Amino acid sequence: MKSAVETLNPTRVRLSIEVPFEELKDSLDAAYKKINQQVTVKGFRKGKIPARVIDQRFGRGAVLEEAVNDALPKFYTEAVNEAEIDVLGQPEVDITELKDGETLNFTAEVDVRPAIEIPDYSGIEVEVDAVEVSDEDVDKAVTELRERFASTSPVERAAEDGDVITIDLEAKVEGEVLEDGVASGVSYTIGSGELLDGIDDAVKGLEAGGEATFTSELKGGSAAGKEAEVTVKVTQVAARELPELDDEFAQLASEFDTLDELRADSRKRLENMKQYDQATQAQERVLEKLLELVEVPVPEKLLEDEINTRKHNLEHHQLGQMGLDLEKYLEIQGKTAEEFDTETKEAAVKGIKTQFVLDELVKREKLNVNQEELTEHLMRRAASSGMSPDQFAQAVVEGGQVPLLVGEVARGKALAVVVEAATVKDTNGEVVDLEDDEDETAAAPAEDASAASEDAPAEAEEKTEG
């Protein structure tokens, strides 16, 4: 076999492959054997029909077609390996010449991973938010904890903000009561915003036994997105009583003996959260700067596939679970279809560029992923997916996606290398040491940048792995 490579553009090549006919022998033998198992000829046992009889009865062309279909993937793969090119996706194959007994010539056009030059990135500088926890932040955290331990007691008065009411609901659309539009004994905290728009105004001022009707757009169910006439009846009004802020509360709500110890722990937790957010912010901004430094051609077919994947995941997974269609989603977001398409394309381009650049860094820095790193990443991904680690691991293995997770971890490590070389300062002008936060945040930007949902990264990477 002989092959040659012609570069069509920075992301696409054409392979021209010549195969001497004798190299098709194994595929021809396999073709005769396959046809033998599929046809019957009077006078011959199944599977024992001579090749010349098959040629006479079914045509040599049928045999050649079967043999060529069997041989093409093997010779294409050999040519790719010989040329040492990194292909993306499936090739477009064109048989240019097939002479029985002489030669098979074909071409294969395919997208390739572009050659990328990574410049010196040690001069990257970014600014991030300072880690500052005020007394007001601590007060808010303690108040939220206090509210979790609130008790309720029925009262004989009109409902007010913050009260917990028990209600019965009935929703009608175009005068008809919906089958899934009736609910009884629903507990609702006035002002929480957890039910329907307009319900707070409707119930405030009502005592137990009071009833009101209001109009609201349904958020879910069989009539999601439609205007409904909702009747709400209050069956009980209960006031929330917060525990006193003292040492006794600290002992009730935590492992601490005093309120001062509880407040100190709340401050530390808030600092840790802000440090994590700061590290994530640093990685995102360093990544942005890195992408500005590198010229990355994006294969058109890969981009098209990535855009379609993102749209499909949004429409059929994320929005479907919320009972919305794309049109309603855009209305809620206040976006036009053109704006949505532009944003989706920009996100897809960024995701592909991010993957290409970080993969190049993985190779250049000779970064490897060990079992412990992979396991930790798997645990994080399992938690974000809502699955147990065992369930997630089983799904990954059965889906053949272990290499995809390895790639995510490797890209996270590559980005960490760039962040370590960069200068990160906070808004106070202080240099930020991110070393303590690197392990927890290393994988996140590489995952987030490559797709819009949990499904998209795997599909996008499948395409880039070819």
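Quantities reported herein were computed from a predicted structural model and do not represent experimental measurements. (Residues numbered from 1 in each chain as written. Predicted model: local features only at pLDDT ≥ 70, side-chain atom pairs only at ≥ 80, totals over all residues. Heavy atoms only, no water.)

K.L.:
Just to check I follow, could you spell out the packing of aromatic side chains for this structure?
P.N.:
For any pair of aromatic rings, geometry is given as the distance between the ring centres together with the angle between the planes. Following the criterion strictly, the structure yields one aromatic pair and no others. Taken together, a centroid distance of 6.2 Å and an interplanar angle of 85° make the contact between Phe149 and Phe249 edge-to-face. Of this pair, Phe149 sits in the loop between helix 4 (135–148) and strand 6 (151–154) while Phe249 is found in helix 6 (residues 247–253), placing the two residues 100 residues apart along the sequence. Between Lys74 and the ring centre of Phe75, over which it is positioned, the NZ or CZ distance is 4.8 Å. (Phe/Tyr/Trp six-rings, centres within 6.5 Å; stacked < 30°, edge-to-face > 60°. Helix = DSSP H or I, 4+ residues; strand = E, 2+ residues; numbered from the N terminus. Lys NZ or Arg CZ within 6 Å of the ring centre and 35° of its normal.)

K.L.:
How should the sheet that holds strand 1 (residues 2–9) be read in this particular structure?
P.N.:
The strand order across the open sheet formed by four strands is 1-2-4-3, and the pairing between neighbours is antiparallel. Edge positions in the sheet fall to strand 1 and strand 3 (87–99), since each has one partner strand and no second. Across this sheet, the average inter-strand angle for adjacent strands is 20°, counted without regard to direction. In this structure, strand 1 lies alongside strand 2 (residues 12–20), joined through seven bridges in antiparallel fashion. Its bridge partner being in strand 2, Thr7 is matched across the sheet by Val13. (Pairing = 2+ DSSP bridges. Axes fitted to C-alpha atoms, helices over the stretch in contact; angles between N-to-C directions.)

K.L.:
Hey, could you run me through the UniProt feature "domain: PPIase FKBP-type" (unreviewed entry) in the chain in this one?
P.N.:
Per the UniProt record, "domain: PPIase FKBP-type" (unreviewed entry) is found at residues 162–215. In this annotation, residues 162–215 is assigned 9% helix and 54% strand; the end-to-end C-alpha distance for the span is 22 Å. (UniProt positions renumbered as here; feature names shortened; annotations may be inferred.)

K.L.:
Just to check I follow, could you spell out the nonpolar core for this structure?
P.N.:
The nonpolar side chains of a soluble globular protein tend to be buried, and buried together. In this structure, Ile124, Leu290 and Leu361 are the most contacted members of the largest nonpolar core, which totals 35 residues. Elements with a minimum of two residues in this core: strand 5 (125–128), helix 7 (259–293), helix 8 (300–322), helix 10 (337–365) and helix 13 (402–421). If you look at the next biggest cluster of nonpolar residues, it comprises 31 residues, including Leu15, Ala31, Val41 and Val87. (Core = buried A, V, L, I, M, F, W, Y, C linked by side-chain atoms within 4.5 Å. Buried < 20%, exposed > 50% of the residue type's maximum accessible area, 1.4 Å probe, protein only.)

K.L.:
For this particular structure, what's the right way to read the environment of Asp161?
P.N.:
Relative to the elements of secondary structure, Asp161 occurs in the loop between strand 6 and strand 7 (164–173). Residues Asp161 and Gly205, spaced 44 residues apart in sequence, show a C-alpha to C-alpha distance of 9.6 Å. In this structure Asp161 touches Ile190, Gly191 and Lys204, once residues within four positions along its chain are discounted. (Contact = heavy atoms within 4.5 Å.)

K.L.:
Got a minute to help me understand the pairing of strand 5 in this structure?
P.N.:
Looking along a regular strand, one sees side chains alternate from face to face of the sheet. Alternating residues of strand 5 divide into Val126 and Val128, all buried, and Glu125 and Glu127, none buried. Here four bridges tie strand 5 to strand 11 (residues 423–426), and the two strands are oriented parallel to one another. For Glu127, the partnering residue across the bridge sits in strand 11 and is Lys425.

K.L.:
Is there a simple way to explain the environment of Gly209 in this structure?
P.N.:
If you trace the backbone, Gly209 turns up in the loop between helix 5 (199–203) and strand 9 (211–217). Owing to a relative accessible area of 52%, Gly209 belongs among the exposed residues under this scheme.

K.L.:
Before we go on, may I ask you to explain the packing of helix 4 against helix 7 in this structure?
P.N.:
Any two packed helices are characterised by how steeply their axes cross, that is the angle between the axes, and by the distance between the axes. Where helix 4 meets helix 7, the closest approach of the two axes is 9 Å, and the angle between their N-to-C directions is 110°. Looking at the two axes, helix 4 sits roughly perpendicular to helix 7. Judged by residue contacts, Asp135, Asp137, Val138, Asp139, Ala141, Val142 and Leu145 of helix 4 engage Leu262, Arg263, Ser266, Arg267, Leu270 and Lys274 from helix 7. Per-class residue counts for the contact of helix 4 with helix 7 are six nonpolar, one polar and six charged. (Parallel < 35°, antiparallel > 145°, perpendicular 65-115°, else oblique. Nonpolar A, V, L, I, M, F, W, Y, C, P; charged D, E, K, R; others polar.)

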